[in-house]
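# Residue-level structural notes
Next come the chains, spelled out residue by residue.
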Amino acid sequence: MPQVNKMQKFPEYVLSQAVMTIKAARMWVLAAFMIYCAAAVVAWSQSEHFDFMEAQFGTLVEQFEGLGAWEFILRIFVHNLIASYLALCFIVFFGAVPLALAALNGFMLGWFINWMDHFSGLDFLIMLGPHGIFELPAMFIAFGVGMWRGVGFRMDQQQPGWVERLKRVHCVFAVFVVPLLFVAAILEGRYHLLELLM
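What you are looking at is a predicted structure, and each value in this text was computed from that prediction instead of being measured. (Residues numbered from 1 in each chain as written. Predicted model: local features only at pLDDT ≥ 70, side-chain atom pairs only at ≥ 80, totals over all residues. Heavy atoms only, no water.)

Let's shift gears to the overall build of the protein. Scanning the protein for helices and strands turns up eight helices and zero strands. Reading the secondary structure of the protein in the N-to-C direction produces α-α-α-α-α-α-α-α. Residue pairs in contact within the protein that sit at least 24 positions apart in sequence constitute 80% of those at least 6 positions apart. Taken as a whole, the protein presents about 11,500 Å² of accessible surface, with 71% of it coming from carbon and sulfur. (Helix = DSSP H or I, 4+ residues; strand = E, 2+ residues; numbered from the N terminus. Contact = heavy atoms within 4.5 Å. Areas by Shrake-Rupley, 256 points an atom, 1.4 Å probe, with all protein chains shown as cover.)

Shown next, in the form of structure tokens:
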């Protein structure tokens, strides 16, 4: 990693590295978005073949039942933070982990939309829209930059190197992913917060 200019403050340096990495990985972020959407369409159109998902979804819901407002927000935040860190900074396994997580998350959304067919399009926008505006970009960035770190490194081993990429994805995680997921968790827990305030 280039030496930090003595006149350049550390936060500015981290921000510049994060922005530079997003630009370098933009095609991988787009690929993550397309994989997510493709998996969602498959699960939505073929949901009758995935009945086992109902039990899986029920188990997931049970983890958040009966939680207070702040505990709910914290658990959502930590859950998404771990998933994004695994895809972005931890074991990417040549890009296979972020790719699989992008497909899995899209698959779950597609199945959920079909399963909740009694909901109108407006209901879904109200339920998923506010926090999704922040959560989905954070996840696409994590999946895409994770693939850039894994697959991209195998395709172009010149610049930047593996260690350099690892340092830069941590900048992305700190500057973009964590703040977006924090706002998303607050918005996802908005109903709990309203109950707490009322």
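Structure's up, so let's keep going.
Right, let's talk about the environment of Trp70 for a bit. Looking at the element boundaries, Trp70 is found in helix H4 (residues 69-88). Separated by 115 residues in the primary sequence, Trp70 and Ala185 place their C-alpha atoms 9.8 Å from one another.

Over its 20 residues, H4 extends 28 Å from the first C-alpha to the last, a length consistent with the 28 Å expected when each residue adds 1.5 Å. Of the positions making up H4, those classed as buried are Ala69, Phe72, Ile73, Ile76, Phe77, Asn80, Leu81, Ala83, Ser84, Ala87 and Leu88. Taken down its axis, H4 places every buried residue within 165 degrees of arc, on the same side. Facing away from the buried side of H4 by more than 90 degrees, the exposed set consists of Trp70 and Leu74. (Expected span 1.5 Å × (residues − 1). Buried < 20%, exposed > 50% of the residue type's maximum accessible area, 1.4 Å probe, protein only. Arc of directions from axis to C-beta.)

What follows concerns the packing of aromatic side chains. Per the stated rule, a full pass over the model turns up four aromatic pairs. Plain terms: the ring middles of Tyr36 and Phe140 are 5.1 Å apart, the flat faces sit at 80 degrees to each other, and that makes the pair edge-to-face. Of the two residues, Tyr36 is situated in helix H2 (residues 26-45) and Phe140 in helix H6 (residues 121-155); the sequence distance between them amounts to 104 residues. Residue Tyr36 shares its accessibility class with Phe140, and that shared class is buried. Ring geometry for Phe77 against Phe182: centres 5.6 Å apart, planes inclined by 85 degrees, an arrangement best described as edge-to-face. Here Phe182 lies in helix H7 (residues 162-188) and Phe77 lies in helix H4, a separation of 105 residues in the sequence. (Phe/Tyr/Trp six-rings, centres within 6.5 Å; stacked < 30°, edge-to-face > 60°.)

On to the packing of H2 against helix H5 (residues 96-115), then. Closest axis-to-axis distance for the H2/H5 pair is 6 Å, and the angle between their directions is 35 degrees. Seen from above, H2 lies across H5 with right-handed handedness. Where H2 abuts H5, its residues Ala32, Ile35, Tyr36, Ala39, Ala40, Ala43 and Trp44 lie against Leu99, Ala102, Ala103, Asn105, Gly106, Phe107, Leu109, Gly110, Trp111, Ile113 and Asn114. Along the lines of polarity and charge, the residues of the contact of H2 with H5 split into 14 nonpolar, four polar and no charged. (Axes fitted to C-alpha atoms, helices over the stretch in contact; angles between N-to-C directions. Left-handed = near helix turned anticlockwise from the far one by under 90°. Nonpolar A, V, L, I, M, F, W, Y, C, P; charged D, E, K, R; others polar.)

In short, shape yes, function no, at least from these values alone.
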